[in-house]
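A look at the structure
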Amino acid sequence: MDIQLGIAGKDFVVLLADKQIINSIMTIKHNQDKIYELSKHVAMSVSGEAGDVDTYAEYIVGNAKLYAFRNDHELPIDSCAKFTRRQLAEALRSRSPYQVNILMGGYNPQLEKASLYRIDYLAAISNVPFAAHGYGAFFCYSLFDRLYKEDLTENDAVQILAACISELDKRFVARHSSYTLKVINKAGLRIIDNEEFLKHVKQF
Amino acid sequence: MARRYDSRTTIFSPEGRLFQVEYAMEAINHAGTVIAILSDKGIILSAEKQQSSKLLDSSIEGEKIYEINSNLVAGVAGITSDANLLINESRLFSQRYLSTYDDIIPVELLVKNICDVKQGYTQFGGLRPFGASFLVAGWDPIVGFQLYQTDPAGNYSGWKAACIGENSSSAQSLLKQEYKDDQDSPMTFEDSLELVCKVMSKIIDSSKLSSENLEFASITLVDGAPKVHIFSFSETDQVLKKYAASKNDKSTQ
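Residues numbered from 1 in each chain as written. Chains lettered and ligands numbered in written order. Predicted model: local features only at pLDDT ≥ 70, side-chain atom pairs only at ≥ 80, totals over all residues. Heavy atoms only, no water.

Attention shifts here to the overall build of chain B. Regarding its fold elements, chain B presents seven helices and ten strands. Over its C-alpha atoms chain B spans a radius of gyration of 19 Å, differing by no more than 12% from the 18 Å that the globule rule assigns to 253 residues. Each of the three principal axes of chain B carries a C-alpha extent, and together these read 55 × 45 × 40 Å. Within chain B, the proportion of its 253 residues that are buried is 49%. Counting contacts in chain B only where the partners sit at least 6 residues apart, residues at least 24 apart contribute 64% of the total. Just so you have it, chain B exposes about 12,400 Å², and 50% of that area is on carbon and sulfur atoms. Considering chain B, the positive charge centre built from 24 side chains and the negative charge centre built from 33 side chains are found 4 Å apart. (Helix = DSSP H or I, 4+ residues; strand = E, 2+ residues; numbered from the N terminus. Rg over C-alpha atoms; globule rule 2.2 N^0.38 Å. Buried < 20%, exposed > 50% of the residue type's maximum accessible area, 1.4 Å probe, protein only. Contact = heavy atoms within 4.5 Å. Areas by Shrake-Rupley, 256 points an atom, 1.4 Å probe, with all protein chains shown as cover. Lys, Arg positive; Asp, Glu negative; His and termini not counted. Charge placed at Lys NZ, Arg CZ, Asp CG, Glu CD.)

This is the structure:
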């Protein structure tokens, strides 16, 4: 029942993920941060098989940090995404594949450009302006298509995400009460407060 | 003295030196000269080929300068067969980086890799060190144009203008004198090409200044992407005619 959304503008990316950890019909936790920070300018939200998510995310975060230590500069978003895909593709063809879906967003300070990548558990990658994984995707793509504009601002993007959550609250069987939102732009990574965000979401 | 501590590569002498490594570096001082100069718009590399016989088929271009990747070019001094192996390794490493990260390899990372391989042979016994030094010229989006020198011990250092091989110390002092390093009028690409020719013409026999004995290569940016260019025989002769000859004319007048 995971919800993972992402929107990229020209110079920023916003990622959204729910905070719920579930096991069968039980909710284990309500406040899990599912958006992992790889460097100052790259973050990713991960969903899928519970154990795989942690193992794979930690592996990728660890490698991104190791690269930064070794090379005195951070791994840029595009390279980060290709690396993540590659590792997933190699694992897929081994005895221990990972079942994880990833949205990776970041800002490249050299190119002054933001990118959002959608990677699924079969290691398919695409560079997209907006993306969703899981059940949320069924409800949100039509909203993205209708509301997305090429020159949208950070605030516009948050409004679109709020519209998506309103729609999910209205039509999706599962309801979440809180979300993690992270914005990445030239200045780095910023967290949008859940309470602030929920003010934009229509209540039913 | 010698013979006691230099029979094995990995044995320190009482003064704390590794003789085999020092001999390898000495071998490079007898190899053909390689010069490279960094400028704002690119890097020029030039290498001297030491011809052994006129029967040698010199129509095969490229002996001392190799393209490693789209953003990297290297000039080698020392034992060519040793260098070949390292060039091959570097090309492989660049491609491996491309396949992992879908991006051109940062210059320093590649140089670090060559040097790690070289260092390995100074520490683990049974094999001799590589008798080859490199001048690696490259570009990456993080740092821009860079020029590195490597030695058989596995050290590397970054330079604005560098020289390895025979007469490298006199070439180095010439470069030090002539390299313009002030902010107002930095070295242009043309300046560096001229300076390379000038230094080459001073340290090698002027009768040898032709495409038979010299190789040139450059790395520049074309539409924001790095481009390695290895000069053909005719381009080399043109460059030498333009710069090296004019210098000679002036000095004889």
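All names here are of chain A. Relative to the helices and strands, His-41 is located in the loop between strand S5 (35-39) and strand S6 (42-48). Overall, His-41 belongs to the buried group, its relative accessible area being 8%. The residues contacting His-41, other than those within four sequence positions of it, are Glu-74, Gly-105, Gly-106, Tyr-107, Pro-109, Ile-184, Asn-185, Lys-186, Ala-187 and Gly-188.

Taken together, the contact pairs eleven residues of chain B with ten residues of chain A. Of the roughly 990 Å² buried where chain B meets chain A, counting both sides, 52% is carbon and sulfur surface. Across the chain B-chain A interface, the total number found is one salt bridge. Note that Lys82(A) is salt-bridged to Asp102(B), the shortest N-O span being 2.7 Å. (Buried area = accessible area lost by both parts, 1.4 Å probe. Salt bridge = Lys/Arg side-chain N within 4 Å of Asp/Glu carboxyl O.)

Residue and element names in this part refer to chain A. Of the strand pairs in this sheet, strand S3 (residues 21-23) and strand S4 (residues 26-29) are connected by three bridges, and their pairing is antiparallel. Directly across from Asn-23, in S4, lies its bridge partner Met-26. Counted along the chain from S3 to the antiparallel partner S4, the turn is two residues long, and its residue Ser-24 has a positive phi close to 55 degrees. (Pairing = 2+ DSSP bridges.)

Residues and elements named next belong to chain B. With 93% of its residues at a pLDDT of at least 70, chain B reaches an overall mean of 89. Predicted confidence for residues 247-253 stays below pLDDT 50, and this span has four contacts to residues more than four positions away or in other chains. This prediction of the complex comes with two scores: 0.90 for pTM and 0.89 for ipTM. (pLDDT = per-residue confidence, 0-100.)

Although it is not a glycine, Glu112(A) adopts a positive phi angle of roughly 55 degrees. Its place among the elements puts Glu112(A) in the loop between strand S7 (100-108) and strand S8 (113-119). A positive phi is found at Asp223(B), a non-glycine position, where the angle reads about 50 degrees. Along the polypeptide, Asp223(B) turns up in the loop between strand S9 (214-222) and strand S10 (225-230). Judged by its relative accessible area of 80%, Asp223(B) is exposed.

Residues and elements named next belong to chain B. Here five strands make up an open sheet; going across it, the order is S3-S4-S5-S6-S7 and the pairing antiparallel. In this open sheet, the two edge strands, each paired with only one partner strand, are strand S3 (65-69) and strand S7 (156-158). Direction aside, the axes of adjacent strands within the sheet are offset by 25 degrees on average. Where strand S5 (residues 132-140) lies against strand S6 (residues 144-150), seven bridges are found, and the strand directions are antiparallel. When the bridges of S6 are listed, Ala-137 appears paired with Leu-147. Relative to S5, helix H3 (residues 107-123) is tilted by about 160 degrees, and along the sheet it contacts S3, strand S4 (72-78), S5, S6 and S7. (Axes fitted to C-alpha atoms, helices over the stretch in contact; angles between N-to-C directions.)

Right, let's get into the packing of helix H1 (residues 50-71) of chain A against helix H2 (residues 77-92) of chain A. Residue and element names in this part refer to chain A. Relative to each other, H1 and H2 sit at 135 degrees, their axes nearing to 11 Å. Looking at the two axes, H1 sits oblique to H2. H2 is crossed by H1, and the crossing has right-handed handedness. Taking contact as the criterion, the partners of Tyr-56, Tyr-59, Ile-60, Asn-63 and Ala-64 in H1 are, on H2, Cys-80, Phe-83, Thr-84, Gln-87 and Leu-88. Partitioned by chemical class, the residues of the contact of H1 with H2 number seven nonpolar, three polar and no charged. (Parallel < 35°, antiparallel > 145°, perpendicular 65-115°, else oblique. Left-handed = near helix turned anticlockwise from the far one by under 90°. Nonpolar A, V, L, I, M, F, W, Y, C, P; charged D, E, K, R; others polar.)

This part takes up the pattern of salt bridges. If you walk through the whole model with that rule in mind, you get 18 salt bridges over all chains. Two residues, Lys199(A) and Glu196(A), come together in a salt bridge whose shortest N-O distance is 2.9 Å. For Glu215(B), the salt bridge identified is with Lys49(B), shortest N-O distance 3.9 Å. Note that Glu215(B) is positioned in strand S9 and Lys49(B) in the loop between strand S2 (42-48) and S3, a separation of 166 residues in sequence. Taken individually, Glu215(B) and Lys49(B) each receive the classification buried, so the pair is uniform in this respect.

Take the UniProt feature "domain: Proteasome alpha-type subunits" (unreviewed entry) in chain B next. When the UniProt feature table is mapped to this numbering, "domain: Proteasome alpha-type subunits" (unreviewed entry) covers residues 5-27 of chain B. Secondary structure content for residues 5-27 of chain B is 39% helix and 0% strand, while the C-alpha to C-alpha distance between its ends is 18 Å. (UniProt positions renumbered as here; feature names shortened; annotations may be inferred.)

With that settled, the discussion passes to the sheet that holds S2(B). Residue and element names in this part refer to chain B. Spatially, S8-S1-S2-S9-S10 is the arrangement adopted by the five strands of the open sheet, whose pairing is antiparallel. Strands with a single pairing partner mark the edges of an open sheet, and in this sheet they are strand S8 (161-164) and S10. When strand polarity is set aside, the average angle formed by the axes of neighbouring strands in this sheet is 10 degrees. Bridge analysis of S2 against S9 gives seven bridges, and the strand direction is antiparallel. Bridge pairing in S9 places Leu-45 opposite Ala-217. This element, helix H4 (residues 168-178), spans strand S1 (34-39) and S8 of the sheet and lies at about 170 degrees to S8. Each of S9 and S10 is contacted by helix H6 (residues 233-242), which is oriented at about 95 degrees to S9, the strand it contacts most.

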